[in-house]
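# Survey of secondary and tertiary structure
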Amino acid sequence: MNGPIAQEMHRLLTDAFAPTHLDIINDTANHRGHAGDDGSGESHFNIGIESAAFAGASRLQRQRMVNAALGDIPGQRVHALAIKARAPGES
């Protein structure tokens, strides 16, 4: 995580979920020349997040929670996000 979008995502997710674990991996280099690569170097990300806020929520609900916390980033400022959201104790 280095660029301004990755840093903003880290701040937003930390503020929204107080995660016990958070990984934001910029995967843009693996998508150069593909659809959605805007040349910014920050168009594709993988997010791994663990938070008690996800306990009892379905996978779809968790995805929606993360996307909502990120505001206009998904789909507008970032082309693709792969999200793995789990509650503590889940694998």
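First, a word on scope: everything that follows refers to the structure included in this document.

The rules we used
- Residues numbered from 1 in each chain as written.
- Predicted model: local features only at pLDDT ≥ 70, side-chain atom pairs only at ≥ 80, totals over all residues.
- Heavy atoms only, no water.
- Helix = DSSP H or I, 4+ residues; strand = E, 2+ residues; numbered from the N terminus.
- Buried < 20%, exposed > 50% of the residue type's maximum accessible area, 1.4 Å probe, protein only.
- Contact = heavy atoms within 4.5 Å.
- Pairing = 2+ DSSP bridges.
- Axes fitted to C-alpha atoms, helices over the stretch in contact; angles between N-to-C directions.
- Core = buried A, V, L, I, M, F, W, Y, C linked by side-chain atoms within 4.5 Å.

For Ser51, the position within the fold is in the loop between strand 2 (44-50) and helix 2 (59-69). What makes Ser51 buried here is its relative accessible area of 1%. Sequence-distant contacts of Ser51, that is, excluding residues within four places in its chain, are made with Phe17, Ala18, Pro19, Thr20, Arg86, Ala87 and Pro88.

Reading across the sheet, the three strands line up as 1-2-3 and stay open at both edges, with mixed pairing between neighbours. Across the chains shown, the open sheet's two edge strands, defined by having one partner strand only, are strand 1 (21-26) and strand 3 (80-86). Neighbour-to-neighbour, the strand axes of the sheet open up by a mean angle of 10°, direction not taken into account. Pairing of strand 2 with strand 3 involves seven bridges; the strand directions are parallel. Within the sheet, the bridge partner assigned to Ile49 lies in strand 3 and is Ala85.

Now for the nonpolar core. Membership of the largest hydrophobic core comes to 20 residues, with the highest contact counts inside it found for Met9, Leu13, Ile24, Ile47, Ile49, Val66 and Leu70. Those elements giving two or more residues to this core turn out to be helix 1 (4-17), strand 1, strand 2, helix 2 and strand 3. Counting residues per element, this core draws most heavily on helix 1, which supplies six residues. Setting aside anything within four residues of it in sequence, one finds Leu13 in contact with Ala18, Pro19, Leu22, Ile24, Ile47, Ile49, Val66, Ala69 and Leu70.

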